[in-house]
Amino acid sequence: MDLEQLRLGVYHSFAATGHPPAFDDLAAAQDADAPAVVAGLRELAAQRHVVLDDLGRIVMAHPFSAVPLGFSVMGMHTLWWGGCAWDSFALPQLLPDEPDVLVATRCPGCGAALSWVVNREAPPAGEEVAHFLVPAAHMWDDVVHTCANQRLFCSIDCVDRWLADTGNDRGYVMDLATLWRLAEHWYDGRLEPGYVRREPAEATDYLRGVGLTGPFWGS
């Protein structure tokens, strides 16, 4: 089993269609049997290239999601689920044929409809804020929960309203410009052969370089 070709098959299917590939298509592309594909996907999950559910189905391949987690991302010909605020803003950065996309969601605090045209040139205008409930140090403890709680709000007041309603403690708040910078190059190379995940020190340098401060990492 060629794990890199398997990874690319997953990512290219998400990029082209908005959906993960069918299991049979992965097996046929690899000329492999079912146990080999299952084992390959589990290895990719262990390396944090994909996220699987309890049945072994592909749930996420960041920044793509197979399930709705609060965002839709509409391109010229394709509609994606946005895995979170971070991933939704990353899609036009990653997809060469999508110079801009329409990111849509609802404010968890007040329910207002929110949308932005997000492109590769500059952050979208707006006073809205992103709230990341889970600090970076714990994002992979339950990555689907983490992504479902990286949301966009009308304002800090709406963040506080949601926190009071849910009983959660405040996480990390950033403006749209910081979110856009965070997403700008985080996923560079994921659609290309030979992609290698950043080492922790490199990832930390990137996050600090976009203006994130100590509380983002948590403990």
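Before reading further, recall that the structure is shown in the block above.
Overview of the structure.

Analysis parameters
Residues numbered from 1 in each chain as written. Predicted model: local features only at pLDDT ≥ 70, side-chain atom pairs only at ≥ 80, totals over all residues. Heavy atoms only, no water. Helix = DSSP H or I, 4+ residues; strand = E, 2+ residues; numbered from the N terminus. Rg over C-alpha atoms; globule rule 2.2 N^0.38 Å. Buried < 20%, exposed > 50% of the residue type's maximum accessible area, 1.4 Å probe, protein only. Contact = heavy atoms within 4.5 Å. Areas by Shrake-Rupley, 256 points an atom, 1.4 Å probe, with all protein chains shown as cover. Lys, Arg positive; Asp, Glu negative; His and termini not counted. Charge placed at Lys NZ, Arg CZ, Asp CG, Glu CD. Pairing = 2+ DSSP bridges. Axes fitted to C-alpha atoms, helices over the stretch in contact; angles between N-to-C directions.

Quick look at the overall build of the protein chain
Phase 1: Within the protein chain one finds 8 helices and 10 strands.
Phase 2: The C-alpha atoms of the protein chain give a radius of gyration of 17 Å, which matches the 17 Å a tight globule of 219 residues would have.
Phase 3: Over its C-alpha atoms, taken along the principal directions, the protein chain stretches across nearly 55 × 40 × 30 Å.
Phase 4: Across the 219 residues that make up the protein chain, the buried fraction comes to 45%.
Phase 5: Within the protein chain, residue pairs in contact and separated by at least 24 positions form 62% of the contacts whose partners lie at least 6 positions apart.
Phase 6: Surface exposure of the protein chain reaches about 10,500 Å², of which carbon and sulfur atoms provide 52%.
Phase 7: Distance from the positive charge centre (14 side chains) to the negative charge centre (29 side chains) of the protein chain: 5 Å.

Describing the sheet that holds strand β2 (residues 58-61)
Phase 1: Taken in spatial order, the 7 strands of this open sheet run β1-β2-β3-β5-β4-β6-β7, and their pairing is antiparallel. The open sheet has two edge strands, β1 (51-52) and β7 (113-119), and neither has a second partner.
Phase 2: As defined by bridge partners, β1 adjoins β2 across 2 bridges and the pair is classed as antiparallel. For Leu-52, the partnering residue across the bridge sits in β2 and is Ile-58.
Phase 3: Its contacts with the sheet put helix α1 (residues 3-17) on β2, β3 (64-65) and β5 (79-82), and the angle it makes with β2 is roughly 85°.

Description of the pairing of β2
Phase 1: The antiparallel hairpin formed by β1 and β2 contains 5 residues in its connecting segment, where Gly-56 sits at a positive phi of about 85°.
Phase 2: Taken together, β2 and the strand that follows it, β3, pair antiparallel across an intervening segment of 2 residues.

Details of unusual backbone geometry
Phase 1: The amide bond that connects His-62 to the next residue, Pro-63, takes the cis arrangement and shows omega of 10°.
Phase 2: Within the secondary structure, Pro-63 is located in the loop between β2 and β3.
Phase 3: With a phi angle near 50°, Asp-31 is a residue other than glycine that sits in the positive phi range.
Phase 4: Positive phi outside glycine occurs at Arg-48, with the angle close to 65°.
Phase 5: Relative to the helices and strands, Arg-48 resides in the loop between α3 (34-46) and β1.
Phase 6: Residue class for Arg-48 comes out partly exposed when judged on its relative accessible area of 37%.

Focus on the environment of Asp-169
Phase 1: By the secondary structure assignment, Asp-169 is in the loop between α6 (156-166) and β10 (172-175).
Phase 2: According to the relative accessible area criterion, Asp-169 is exposed, its value standing at 65%.
Phase 3: Along the backbone, Asp-169 and Leu-133 are 36 residues apart, and their C-alpha atoms lie at a distance of 7.8 Å.
Phase 4: If near-sequence neighbours (up to four positions away) are discounted, Asp-169 is found in contact with Leu-133 and Leu-163.

Side note on the sheet that holds β10
Phase 1: If you walk across this open sheet you meet the 3 strands as β9-β8-β10, and the pairing is antiparallel. This sheet does not close on itself; its edge strands, each paired only once, are β9 (150-153) and β10. Averaged over all neighbouring strand pairs, the angle between strand axes comes to 25°, with direction disregarded.
Phase 2: Strand direction decides the pairing type here: strand β8 (residues 129-132) and β9, joined by 4 bridges, are antiparallel. In the sheet register, His-131 faces β9, and the bridge partner there is Arg-151.

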